[in-house]
Amino acid sequence: WTTVAGSGFTINNWSLDSSDANSPVTSWRAVSVEEEGDQQLISPAVVVPGGVDALTLQYFGKRDLEDGGAGCFDGGVLEFTTDGGSNWQEITNAMLQTNPYTGEVDDRFNNPLSGRDAWYGTQDWTRPVVDLAGLDGETLQFRYRLGTDESLAEDDWHIDDVRVQSCVIVEEEIFADGFENAPPPPM
């Protein structure tokens, strides 16, 4: 995992933290700040074999981010790349099988994620499941971004237990051995 400040920003406080984790002992944590920021947590490359089905990204997240009451002022988003980070694509609500984004980031206080859907507000540990259909055979990286505005700050965003997984479809008859016609067991 790597952490960076987004282009044109200096704050990057993503760190391994033992104050709160979904599973022991640590989680990644970014602290919300009272200034414009784009803090990024980038996964290592994940090589996904071709021909897999039901490909998903799953992780646990916990957040306490400024919501402004009627809109999002600080928020987190998730993105992916298939070209080593040259181009990033957003994980959209349509890809989120569980825990969709909370709403759109407000454009009034210069959050770099302004206008995008994001997670904000307070939520205890939750497992988002992201549909990665069509990305089998790719080398993927994921980027968690915490965008903050120039105004107030709340607390933080935690990420833990990240995994990419798929199901293997077995195309054989489950009773091909005649089990369905087996004689009853002896009494």
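Being a predicted model, the structure only gives us computed values, none of them experimental.

Peer 1: Would you mind going over the overall build of the protein with me for this structure?
Peer 2: Within the protein, the regular secondary structure consists of zero helices and 14 strands. Starting at the N terminus and ending at the C terminus, the protein contains elements arranged as β-β-β-β-β-β-β-β-β-β-β-β-β-β. The buried share among the 187 residues of the protein stands at 40%. Restricting to contacts in the protein with at least 6 residues of sequence separation, those with at least 24 account for 79%. Surface accessibility of the protein: about 9900 Å² in total, with carbon and sulfur atoms responsible for 48%.

Peer 1: Explain the confidence of the model for the protein here, please?
Peer 2: As a note on interpretation, predicted positions should not be read in detail where pLDDT is low. The predicted model of the protein has a mean per-residue pLDDT of 89, with 87% of residues at 70 or higher. Here strand 9 (residues 103-104) stands out as the least confident element of the protein, with mean pLDDT 91; strand 8 (residues 89-90) is the most confident, with 98.

Peer 1: Would you take a moment to explain unusual backbone geometry for this structure?
Peer 2: Peptide bonds are mostly trans, and most non-glycine residues show a negative phi. Omega for the peptide link from proline 24 to valine 25 comes to 15°, which places this bond in the cis form. With respect to the element layout, valine 25 can be found in the loop between strand 2 (15-17) and strand 3 (27-31). For asparagine 99, which is not glycine, the phi dihedral falls at a positive 55°. Relative to the helices and strands, asparagine 99 resides in the loop between strand 8 and strand 9.

Peer 1: Before we go on, may I ask you to explain the nonpolar core in this structure?
Peer 2: As a rule of thumb, soluble globular proteins bury nonpolar side chains together. Of all hydrophobic cores here, the largest spans 31 residues; its most connected members are Leu78, Ile91, Leu132 and Tyr144. Those residues in contact with isoleucine 91, other than ones at most four positions away along the chain, are Leu78, Glu79, Phe80, Leu96, Tyr101, Val130 and Leu132.

Peer 1: Any chance you could explain the packing of aromatic side chains here in plain terms?
Peer 2: Each aromatic ring pair is summarised here by two numbers: the centre-to-centre distance and the angle between the ring planes. Under the defined criterion, the tally for this structure stands at nine aromatic pairs. Here phenylalanine 73 and phenylalanine 109 contribute two aromatic rings whose centre-to-centre distance is 5.4 Å and whose plane-to-plane angle is 70°, an arrangement assigned as edge-to-face. With phenylalanine 73 in the loop between strand 6 (53-65) and strand 7 (75-81) and phenylalanine 109 in the loop between strand 9 and strand 10 (117-118), the pair connects residues that are 36 residues apart, well separated along the chain. Given a relative accessible area of 30%, phenylalanine 109 falls into the partly exposed group. The interplanar angle of 50° and the centroid separation of 6.2 Å between the aromatic rings of tryptophan 119 and tryptophan 157 together place this pair among those described as tilted. Of this pair, tryptophan 119 sits in the loop between strand 10 and strand 11 (121-126) while tryptophan 157 is found in strand 14 (residues 156-167), placing the two residues 38 residues apart along the sequence.

Peer 1: Please explain the side chain of arginine 116 as it appears in this structure.
Peer 2: Following the sequence through the fold, arginine 116 ends up in the loop between strand 9 and strand 10. With sequence-adjacent residues up to four places away left out, arginine 116 is seen in contact with Val77, Glu79, Glu90, Gly103, Glu104, Val105 and Arg145.

Peer 1: Mind showing me how you'd approach the pairing of strand 14 here?
Peer 2: Sheet faces and side chains relate simply in a regular strand, where the side chains alternate between the two faces. Relative to strand 14, strand 3 runs antiparallel, the two being bridged by four bridges. In the sheet register, tryptophan 28 faces strand 14, and the bridge partner there is isoleucine 159. Where strand 6 meets strand 14, nine bridges bridge the pair, whose relative direction is antiparallel. In the strand pairing of strand 14, aspartate 53 is matched with cysteine 167.

Peer 1: Explain a negative patch on the surface to me, please; I cannot follow it from the model alone.
Peer 2: A cluster of like negative charges, contributed by Glu34, Glu35, Glu36 and Glu150, occupies part of the molecular surface. By the element assignment, glutamate 150 lies in the loop between strand 13 (139-148) and strand 14.

The rules behind each value
Residues numbered from 1 in each chain as written. Predicted model: local features only at pLDDT ≥ 70, side-chain atom pairs only at ≥ 80, totals over all residues. Heavy atoms only, no water. Helix = DSSP H or I, 4+ residues; strand = E, 2+ residues; numbered from the N terminus. Buried < 20%, exposed > 50% of the residue type's maximum accessible area, 1.4 Å probe, protein only. Contact = heavy atoms within 4.5 Å. Areas by Shrake-Rupley, 256 points an atom, 1.4 Å probe, with all protein chains shown as cover. pLDDT = per-residue confidence, 0-100. Core = buried A, V, L, I, M, F, W, Y, C linked by side-chain atoms within 4.5 Å. Phe/Tyr/Trp six-rings, centres within 6.5 Å; stacked < 30°, edge-to-face > 60°. Pairing = 2+ DSSP bridges. Patch = residues over 30% accessible without salt bridge, like charges linked within 9 Å, V, L, I, M, F, W, Y side chains within 5 Å. Salt bridge = Lys/Arg side-chain N within 4 Å of Asp/Glu carboxyl O. Lys, Arg positive; Asp, Glu negative; His and termini not counted. Charge placed at Lys NZ, Arg CZ, Asp CG, Glu CD.

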